[in-house]
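Here are the chains, one letter per residue:
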Amino acid sequence: MRTILLGGGGTGTSFAIATRIRANWGNGVKIIVTDVFDSKLVTSSIISDKFFKVPFANTPDFEDALIEIILRERIDVYIPVLNDEIFVAWQLMSDPRFKNIDFWSSEIHASCIDKNYSQNWLAVNNIPVPAVYSLEDVLVDKGNYIIKPKNGSGGRGVSLMSWVDLLNLPDQIKNNIVVQEICEKPEITVDSFFDYDANIGYSYARERLEVKAGVCTKARLFFDKELDDIAKKIGQALKQRGTICFQLMKNKSGWVVTDFNLRSGAGTAMTCAAGYDVLSAAYACRVGEDYSKFVSQMNINEVHYITRQYSEFVMTSHEVSCI
């Protein structure tokens, strides 16, 4: 029996991963979930076999807590979800004590947490990206721009800003943002499964028809050859084994990757609901099992409209295990 450690337990991303693995592997796996909140506030703890409350991932205490869990519980697979978890996972990969653990991270994963780095990495690999401006460019062009935190996620901190407001920001903020050109809708998220070893990939495009708190709640799922080519190019450059997601919009040259996530997203569950279970496929690929029953090529004329509704879970009687 494999023991899986799943980070970011309170996120929709983590809940979706836990749900799909439990649905397809049942009691054949042991799922351990971590989060900064007590288990009574973390829905994925219901699906888990064990839950640990841990420090915030951007604090020194987190790594110590994670190492203790990995050693105590004899973890086989660690799936980080939050950016800081991905970074710590990459650091632990070099520890000889953990040489037999499958960390869903890499140096590229950890580096691409920084949006400036990810933008440059994509461009170097001939993947289309929006124009990025320096503050000197802004002073010359005097236009409007999209502002993003360098280490942001889930759409938090993204805003449209004029050059005047941008230049008036405090230096601490200006030094930690990415300034991009404004792109045109539609906004598309691509859920991309890729098996680098076999050079096999499947992509599923979700037009974000409605978004709440950064998560897609109404979507049109379809296949697009141009977007699929971009997904496969990313998969090959990344040496991807599993599932990631990325967002695209259009500039005057065509599709550009506006955001790049080295993991699945909360909205990826919508793709799974349509019968393309890229989350189960990712786990199967990573552990060397057949993933063909989970993913297949979408027909070019096939379209699914998917909506998301919230469910309620009564958590008050669930016990808390802390480390």
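Check the entry above for the structure.
Reading guide: rules and limits
Residues numbered from 1 in each chain as written. Predicted model: local features only at pLDDT ≥ 70, side-chain atom pairs only at ≥ 80, totals over all residues. Heavy atoms only, no water. Phe/Tyr/Trp six-rings, centres within 6.5 Å; stacked < 30°, edge-to-face > 60°. Buried < 20%, exposed > 50% of the residue type's maximum accessible area, 1.4 Å probe, protein only. Lys NZ or Arg CZ within 6 Å of the ring centre and 35° of its normal. Pairing = 2+ DSSP bridges. Helix = DSSP H or I, 4+ residues; strand = E, 2+ residues; numbered from the N terminus. 1 Å grid on protein atoms, 1.4 Å probe; cavity = no way out; pocket = protein on both sides within 12 Å on 5 of 7 lines; lining within 4 Å. Points joined across faces, edges and corners; volume = space filled by probe spheres on them. Nonpolar A, V, L, I, M, F, W, Y, C, P; charged D, E, K, R; others polar. Lys, Arg positive; Asp, Glu negative; His and termini not counted. Salt bridge = Lys/Arg side-chain N within 4 Å of Asp/Glu carboxyl O. Polar contact = N/O pair within 3.5 Å; in protein donor to acceptor, adjacent residues only side chain to side chain. Contact = heavy atoms within 4.5 Å. Patch = residues over 30% accessible without salt bridge, like charges linked within 9 Å, V, L, I, M, F, W, Y side chains within 5 Å. Areas by Shrake-Rupley, 256 points an atom, 1.4 Å probe, with all protein chains shown as cover. Core = buried A, V, L, I, M, F, W, Y, C linked by side-chain atoms within 4.5 Å. Expected span 1.5 Å × (residues − 1). Arc of directions from axis to C-beta.

Novice: Outline the packing of aromatic side chains, listing residues and values.
Specialist: Tallying each qualifying case throughout the model produces 10 aromatic pairs. Arranged with centres 6.3 Å apart and planes meeting at 65°, the rings of Phe98 and Phe103 form a pair that is edge-to-face. For the residue pair Phe98 and Phe103, the accessibility class agrees, reading buried in each case. Here the aromatic residues Trp25, Tyr283 and Phe294 are joined through ring pairs into a cluster of three or more. The ring centre of Trp255 lies 4.8 Å from the NZ or CZ of Lys250, which sits over that ring.

Novice: Residues and numbers for the pairing of strand β9 (residues 184–195), please.
Specialist: Across 9 bridges, the pairing between β9 and strand β12 (residues 241–251) is antiparallel. Across the sheet, the residue bridging to Thr189 is Gln247, located in β12. With 8 bridges connecting them, β9 and strand β10 (residues 200–212) associate as antiparallel partners. Bridge pairing in β10 links Asp195 to Ile200. Between β9 and β10, which pair antiparallel one after the other, the connecting turn spans 4 residues, and Asn199 there sits at a positive phi close to 55°.

Novice: Mind laying out the layout of surface pockets, listing which residues take part and the relevant values?
Specialist: By volume, the second largest pocket is sized at about 360 Å³. Lining of the second largest pocket is provided by 24 residues; of these, Trp104, His109, Arg241, Thr243 and Arg286 occupy positions nearest its centre. Sorting the residues of the lining of the second largest pocket by element identifies α1 (12–25), β12 and α11 (278–286) as the ones contributing at least two each. Counted by class, the lining of the second largest pocket contains 12 nonpolar, 7 polar and 5 charged residues.

Novice: Help me get a handle on the side chain of Glu85, residues and values and all.
Specialist: Along the chain, the position of Glu85 falls in helix α3 (residues 83–92). One buried charged residue, Glu85, forms no salt bridge at all, with the nearest opposite charge on Arg263 at 8.2 Å. Side-chain polar atoms of Glu85 contact the backbone nitrogen of Val81, separated by 2.9 Å. Once residues lying within four places of it in the same chain are set aside, the contact partners of Glu85 are Gly7, Gly8, Thr34, Ala57, Phe62, Tyr78 and Pro80.

Novice: An account of a nonpolar patch on the surface is needed here, citing residue identities and associated values.
Specialist: Taken together, the side chains of Phe87, Trp90 and Met93 define a hydrophobic patch exposed on the protein surface, amounting to about 250 Å² of accessible area. Turning to its location among the elements, Met93 is positioned in the loop between α3 and β5 (102–103).

Novice: Please provide a residue-by-residue account of the nonpolar core, values included.
Specialist: One finds Ile21, Ile79, Tyr283 and Tyr291 to be the most contacted residues of the largest nonpolar core, which totals 39 residues. When contributions to this core are tallied by element, the ones reaching two or more residues are β1 (2–6), α1, β2 (29–35), β4 (77–79), β11 (215–222), α10 (268–273) and α11. Once residues lying within four places of it in the same chain are set aside, the contact partners of Ile79 are Ile4, Leu5, Leu6, Gly7, Ile17, Ile21 and Trp104. Counting residues in hydrophobic clusters, the runner-up holds 21 residues, among them Ala205, Leu238, Leu248 and Leu262.

Novice: Now, about helix α9 (residues 225–238): what can you tell me, with residues and values included?
Specialist: Given a rise of 1.5 Å per residue, 14 residues ought to cover 20 Å, and the 20 Å separating the end C-alpha atoms of α9 matches this to within 8%. All of the buried residues along α9 are Leu227, Asp228, Ile230, Ala231, Ile234, Gly235 and Leu238. Along the long axis of α9, the arc covered by the buried residues comes to 160°, so they all point the same way. As for α9, its buried residues are in contact with α4 (107–111), α5 (115–124), β9, β10, β12 and β13 (254–261).

Novice: Hey, could you go over the sheet that holds strand β3 (residues 50–53) for me, with residue numbers and the actual values?
Specialist: Strand order in the open sheet formed by 5 strands is β3-β2-β1-β4-β5, and the pairing between neighbours is parallel. The sheet is open, and its two edges are formed by β3 and β5, each paired on a single side. One ladder, built from 5 bridges, connects β1 with β2; its direction is parallel. Across the sheet, residue Leu5 finds its bridge partner in β2, namely Ile32.

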